[in-house]
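Chain residues, written in single-letter form:
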Amino acid sequence: MSTHLITNVRTALAYTVQAIRYADNALILFLEMSDFPLPANPIKIQYYQDVIDHLTEVYLAMKGLPFDTYFPSDPIITVAPVVAQVQDNQHLINLSDNRISLALDKTEDSINYVDQALLLCADDEKLNGQLFFIKLGLVEARDALVSGLNEPDFLVG
């Protein structure tokens, strides 16, 4: 198996882990908003949860590929929420949107590396199929990220 193929998948896996961490952090921040003056939009919360679910499925699919996906220099990024003592909803929204933007960037990077891996394994139909479904999961996560960003922050109506 090509070392370039394995490297692309390992890199996509590392970016997927980062995207999961950022999306999870964004959801935590968004859930910390107080109900005053309006409650947080549950549709936006659901999109963020969908992102985490899709990326987790992709992560597990990548770990199940028929080669070693261990990446010795996996980045360790701590993205624990840092919030002021007084909960300021606008501050939390900005932090959450920032984390979702970072998750979107990492998801796009993962898609690009999976695309490169797909090109490298064109001869292996089984692996190509597995990578294609991984790419579909990443695209679904990306679409949910974009939809979540475009949803209003508060439940209105």
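Everything that follows concerns the structure shown earlier in this document.
Since this is a predicted model, take the numbers as computed values, not measurements.

Trainee: Sorry, what's going on with the side chain of Thr-16 here?
Mentor: Along the polypeptide, Thr-16 turns up in helix H1 (residues 3-31). If we skip the residues at most four places from it in the chain, Thr-16 touches Leu-55, Val-58, Tyr-59, Met-62, Ser-110 and Leu-138.

Trainee: Please clarify how the nonpolar core should be interpreted in this entry.
Mentor: When a protein is soluble and globular, its nonpolar side chains tend to lie buried together. The biggest cluster of nonpolar side chains holds 42 residues, and the ones touching the most others in it are Met-62, Leu-131, Ile-134 and Leu-138. Of all elements in the fold, only H1, helix H2 (42-63), helix H3 (89-120) and helix H4 (125-150) reach the threshold of two or more residues within this core. Top contributing element to this core by residue count: H1, with 13 residues. If we skip the residues at most four places from it in the chain, Leu-138 touches Thr-16, Leu-55, Val-58, Met-62, Thr-107, Ser-110, Ile-111 and Val-114.

Trainee: Hey, could you run me through the side chain of Ser-96 in this one?
Mentor: Its location among the elements puts Ser-96 in helix H3. The exposure class of Ser-96 is buried, given its relative accessible area of 0%. Not counting chain neighbours up to four residues away, the residues in contact with Ser-96 comprise Ala-26, Leu-29, Phe-30 and Tyr-48.

Trainee: Whenever I open this one, the environment of Asp-115 confuses me. Can you help?
Mentor: Examined against the element boundaries, Asp-115 turns out to sit in helix H3. It is 8.4 Å that separates the C-alpha atoms of Asp-115 and Phe-132, two residues lying 17 residues apart in sequence.

What counts and what doesn't
- Residues numbered from 1 in each chain as written.
- Predicted model: local features only at pLDDT ≥ 70, side-chain atom pairs only at ≥ 80, totals over all residues.
- Heavy atoms only, no water.
- Helix = DSSP H or I, 4+ residues; strand = E, 2+ residues; numbered from the N terminus.
- Contact = heavy atoms within 4.5 Å.
- Core = buried A, V, L, I, M, F, W, Y, C linked by side-chain atoms within 4.5 Å.
- Buried < 20%, exposed > 50% of the residue type's maximum accessible area, 1.4 Å probe, protein only.

Everything listed here is a matter of coordinates, which is why it stays silent on function.
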